[in-house]
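Chains, contacts and geometry: an overview
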Amino acid sequence: MSQHTLPDLPYAYDALEPFISRQIMELHHKKHHQTYVTALNAAEANYAKSSTPKERIALQAALRFNGGGHINHSLFWKNLAPAASEGKGNGGTLKAGPLKDAIDQTFGSLDQLKKEFNATTAAIQGSGWGWLGLNPSTKRLEITTTANQDPLLTHIPIIGVDIWEHAFYLQYLNVKVDYLAAIWSVINFDEAEKRYTEGLSGSKL
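Residues numbered from 1 in each chain as written. Predicted model: local features only at pLDDT ≥ 70, side-chain atom pairs only at ≥ 80, totals over all residues. Heavy atoms only, no water.

Going by the annotation in an unreviewed UniProt entry, the name recorded for the chain is Manganese-superoxide dismutase, with Leucogyrophana mollusca given as the source organism.

Written out as structure tokens, the structure reads:
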């Protein structure tokens, strides 16, 4: 069985400043994500050695939590990019194209999407993720959430935002709404559009 590994970030740890600090990015990537990878590998190894249904059932929670953590964070890093507003990259810039058209059609505007997304995500009780997903049946964009590290299974993930405290507390303390307002400046809409067009065409994500 192949081992899961921590993916490299597609930018430097300080590239998302001032919106997400270097300190948060280093801890989030090197410590938190690495912990999910290590625990997922251990859970899969134990599952492979298990011989009874009871042993396998006992491992389901660890597989779900750590597998979800690995899946979600691997997507999250790609969903971010250095901010265009800081002259660093393309983060925060939604260009004309199929994703912008779909956002305008569904929400009226990008600003309205941000407002609805932030309100829904800020309302998560405890830890979890906020998502802009593509409904595979209707092919429409929808805002949804998952608890803890549960991966998004009902929709094709287009944009995911980590609302666990480890994603923002060192910079924004307990003020989720400030973190959610800031993160749009480093959202990689080019990556989001790629996921959207692949989702429309039925590609597996």
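1. A word on the nonpolar core
Rules: Residues belong to a common nonpolar core when they are buried Ala, Val, Leu, Ile, Met, Phe, Trp, Tyr or Cys residues joined through side-chain atoms within 4.5 Å. The cut-offs for exposure are 20% and 50% of the maximum accessible area for each residue type, with area from a 1.4 Å probe on protein chains only; residues under the lower value are buried, those over the upper are exposed, and the others partly exposed. In DSSP terms, a helix is any run of H or I states spanning at least four residues, a strand is any run of E spanning at least two, and both are numbered starting from the N terminus. Should any heavy atoms of two residues lie within 4.5 Å, those residues are considered in contact.
If you look at the biggest cluster of nonpolar residues, it comprises 49 residues, and the most contacted ones within it are Leu80, Leu99, Leu141, Ile158, Ile159, Tyr179 and Ile183. Mapped by element, the contributors of at least two residues to this core are helix H1 (22–49), helix H3 (60–78), helix H4 (98–107), helix H5 (110–122), strand S1 (128–134), strand S3 (156–162), helix H7 (176–183) and helix H8 (189–200). Setting aside residues up to four positions removed in sequence, Tyr179 forms contacts with Phe76, Val161, Asp162, Ile163, Ala167, Phe168 and Tyr172.

2. Overview of the sheet that holds S3
For the record, the criterion: Pairing between strands requires that DSSP locate at least two bridges from one strand to the other. A fitted line through C-alpha atoms represents every axis, and for helices the fit uses only the stretch in contact; the resulting angles, taken between N-to-C directions, go from 0 to 180 degrees.
Ordered by their spatial adjacency, three strands build an open sheet running S2-S1-S3, and the pairing between neighbours is antiparallel. Because the sheet does not close on itself, it has two edges, and the strands there are strand S2 (141–147) and S3. Put simply, the sheet's adjacent strands are angled 25° from each other on average, direction ignored. Sheet contacts for H8: S1, S2 and S3; angle to S3, the most-contacted strand, approximately 150°.

3. Some points on H4
Let me state the cut-off plainly: The arc refers to the directions leading from the helix axis to the C-beta atoms.
Considered for burial, the residues of H4 that qualify are Leu99, Ala102, Ile103 and Phe107. With its buried residues spanning 100° around the axis, H4 presents them on a single face. Opposite the buried face of H4, at more than 90 degrees from it, the exposed residues are Asp101 and Gln105. Buried-residue contacts for H4 involve H5, S1, S2, S3 and H8.

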